[in-house]
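Next come the chains, spelled out residue by residue.
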Amino acid sequence: MLDLILLHGALGHSEVFEPFQEELSTYFTVHTPLFSGHGSKVLPENGITVERYAQELHGFILAENLKDVYILGHSMGGYVALCYAMQHAENINSIMTLGTKFEWTEEQAAKESSMLNPEIIATKVPKYAELLEKQHGPEWKLLLPAVAEMMIALGKNPPLKGNISTINIPVQIMVGDKDSMVTLEESMEIYRSLPTASLAVLPDTKHPIDKVRPALLLNLMKDFWKLS
């Protein structure tokens, strides 16, 4: 059976893919690895970076002896997948990204990272804080500043900038029309920079994957991957 890897975003968890797994398992052996610092995975003492996560993805693919892999990455997961593809395209069949932010500048990174204060989140958005603790345990308060540092590093040196056109495998860029984090313009720019890419705009769709209608995303996956 074909192998599909579902990659969660920063502060996300593999459980966000549960609404899709039953149907996807008809076509694929579905893999849902966790990035370090997320869920039960230990947060490295020296922090996290997109490059580190691309290495973790490489290690997972090697450990599972996967070939010709299909990948769907949500948010940061899509960025990691493309970074991995720059180095190891021979292992990948194709990639779909959903709600992935590509335009990282120091100013943008500072803006995004400033919203990751655990004390403010616990006070002002207690339900989100409860979800983070449920998914990542008490270490969630350490994960937030680590993700903030990762964003700052991305702003200073975005690894895809100037290199995206070297990825020569089928890629579909997907963005919701109501995504408040990712713009249609940056998604279109990446789509135009990739040699073999397609673009899909999801109607009435916000950034969080739990706000994406499963039937809509599954239909896009079936169409792109020609599943029947």
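Each remark here, short or long, concerns the structure printed above.
None of these values were measured; they are calculated from a predicted model. (Residues numbered from 1 in each chain as written. Predicted model: local features only at pLDDT ≥ 70, side-chain atom pairs only at ≥ 80, totals over all residues. Heavy atoms only, no water.)

**Student:** It is not clear to me how the pairing of strand E2 (residues 28–31) should be interpreted in this structure. Could you clarify?
**Tutor:** Two faces make up the sheet, and in a regular strand the side chains alternate between them. Looking at chain direction, strand E1 (residues 2–7) and E2 are connected through 4 bridges and run parallel. Bridge assignment links leucine 2 to a residue of E2, and that residue is phenylalanine 28. With respect to chirality, the unit in which E1 leads through helix H1 (residues 18–24) into the neighbouring parallel E2 is right-handed. (Pairing = 2+ DSSP bridges. Helix = DSSP H or I, 4+ residues; strand = E, 2+ residues; numbered from the N terminus. Right-handed = clockwise from strand over helix to strand, strands pointing away.)

**Student:** Sorry, what's going on with the packing of aromatic side chains here?
**Tutor:** What describes a pair of aromatic rings is the distance from one ring centre to the other and the angle between the planes of the rings. Evaluated as defined, the whole model comprises 6 aromatic pairs. Between tyrosine 70 and tryptophan 225, the aromatic rings sit 5.5 Å apart at their centres with planes inclined by 85 degrees, giving edge-to-face as the arrangement. Remark: tryptophan 225 occurs in the segment after helix H9 (214–224) and tyrosine 70 occurs in strand E3 (residues 69–74); sequence separation between them is 155 residues. There is no split in this pair, since tyrosine 70 and tryptophan 225 are both buried. In this structure an aromatic cluster arises from ring pairing among Phe28, Tyr70, Phe224 and Trp225. (Phe/Tyr/Trp six-rings, centres within 6.5 Å; stacked < 30°, edge-to-face > 60°. Buried < 20%, exposed > 50% of the residue type's maximum accessible area, 1.4 Å probe, protein only.)

**Student:** Teacher, can you tell me more about a nonpolar patch on the surface here?
**Tutor:** On the surface, Val125, Tyr128 and Leu131 cluster together into a nonpolar patch covering about 220 Å² of accessible area. Residue position: valine 125 is located in the loop between helix H5 (118–124) and helix H6 (126–136). Residue valine 125 is classed as partly exposed on the basis of its relative accessible area, which comes to 40%. (Patch = residues over 30% accessible without salt bridge, like charges linked within 9 Å, V, L, I, M, F, W, Y side chains within 5 Å. Areas by Shrake-Rupley, 256 points an atom, 1.4 Å probe, with all protein chains shown as cover. Salt bridge = Lys/Arg side-chain N within 4 Å of Asp/Glu carboxyl O.)

**Student:** Quick question: what am I supposed to make of the environment of leucine 82 here?
**Tutor:** The residue leucine 82 is located in helix H3 (residues 76–88) in this model. Along the backbone, leucine 82 and isoleucine 71 are 11 residues apart, and their C-alpha atoms lie at a distance of 9.7 Å. Leucine 82 has contacts with Ile95, Thr97, Phe102, Leu160, Ile164, Ile167 and Val171, leaving out every residue within four places of it along the chain. (Contact = heavy atoms within 4.5 Å.)

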